[in-house]
Every structure is written in C-alpha cells, then in structure tokens.
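Listed below are the residues making up each chain.
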Amino acid sequence: MKHFETERLIIRTAEQADADALHALFCDADVVKFNCMPKTTIETVTELIAKDAYRYCIALKGDNALIGIMFVEHDDLRYKAGSRCISCQLMPAYRRKGYMKEALRAFINYLFDTEDIELISARAFEPNLASRALLKSLGFTHEGTLRHAVRSGEGIVYNDCLYSIKRDELATTV
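These figures come from a predicted structure and were not determined experimentally.

The rules behind these values
Residues numbered from 1 in each chain as written. Predicted model: local features only at pLDDT ≥ 70, side-chain atom pairs only at ≥ 80, totals over all residues. Heavy atoms only, no water. Helix = DSSP H or I, 4+ residues; strand = E, 2+ residues; numbered from the N terminus. Buried < 20%, exposed > 50% of the residue type's maximum accessible area, 1.4 Å probe, protein only. Core = buried A, V, L, I, M, F, W, Y, C linked by side-chain atoms within 4.5 Å.

1. Looking at unusual backbone geometry
Its identity as a non-glycine residue notwithstanding, K80 has a phi of 50°, on the positive side. Along the polypeptide, K80 turns up in the loop between β4 (66-74) and β5 (83-90). Located in the positive-phi region is R96, a residue other than glycine, with phi close to 65°. Here R96 lies in the loop between β5 and α4 (99-114). The exposure class assigned to R96 is exposed, which follows from its relative accessible area of 79%.

2. What about the nonpolar core?
Counting residues in hydrophobic clusters, the biggest one holds 31 residues, and the most contacted among them are M70, I86, F107, I120 and F140. Taken together, the elements giving at least two residues each to this core come down to β2 (9-12), β3 (57-60), β4, β5, α4, β6 (119-125), α5 (129-137) and β8 (157-166). With 10 residues, α4 is the largest single contributor of residues to this core. Core analysis: the second largest hydrophobic core is formed by 14 residues, A19, L25, I49 and Y54 among them.

Purely geometric stuff here, so don't read any function into it on its own.
As structure tokens, then:
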C-alpha cells in the first residue's frame, strides 16, 4: 500500500519530510495522554520512516500536511480468529472536524478489502470519551472493559475499553 484517498484526505506511507510532523505528533501532550507509547526522539522517528514503519499516515489533500496516523497490528486478544487491531492518533488542531472518522472509515474498508480478516478490533482508554464515541459512530460494538489494563506513556494505569466490528456488520454501519 502506497496511498489511497478520501474526499479530503490522503492515506499514505510516511516520507522523510514527515519526520518533524510525526515527532511532534508522538510528543504532543494531548496525544501522549491516552497512548501507551512513550515520547520518542526525532532520530527514532527518522529510522522508523526508513524502515517503512509508518504506512498509514493521514495527510490533507492540497498541501499534503501530515495531521495523523493509523496503525494496524495483530489482535493479541484473539487467537487464530482472522482479526486485526487498529489504533490512531490525530494532532489536536485537527480534531472535531471529521478527519479521523473519514480516515478510519476508509481504513476499515481498505483492511477488509485487502486482508483475510473477519473482524477489526480497537481499544480506547476509559476516560478517552472522544475516541470511544468515534468508534461507536463507526459501528463498533463495545465488548467490555479490562480493568487496570494498560500503562500509558506517562505511567498512568487505565482501564481499557475493547471494541470490534465484524465484516458482515460493515455494510450497515461504515
């Protein structure tokens, strides 16, 4: 995957020119607050771009400015069940404008179209009400909450809310 587009966004692989924007995203206090990744260095970001680790960057059409990122990983809570787990981060200046919903809707469709999976899961720390509402608006089902489940990059242990959407639920929701 090199890139695909939505009405307002380009989902693409990171370029070295994105290093400063990615570093700013990963070090932003509002982003780190509900994330288990610790703050990172610009050198680490540059190395990971070179290794093609940031394949799903969210950029604005027109100026190609990087505003966020989406990740897909193995779903560690399921065993041989044909599932993946997604996560996302968006710079605070671009929140509440529908960008992440637009990006995730396209990303979910992309994953179901290109990977042999039947379910996509997502997780959000319990106090992260905006992310939880976003997942529900996309048709994800709240499966439950793991208590005392994840230590954030800031060292706080949060309850973790678990969500999922199945392929056959997609047509009616996303």
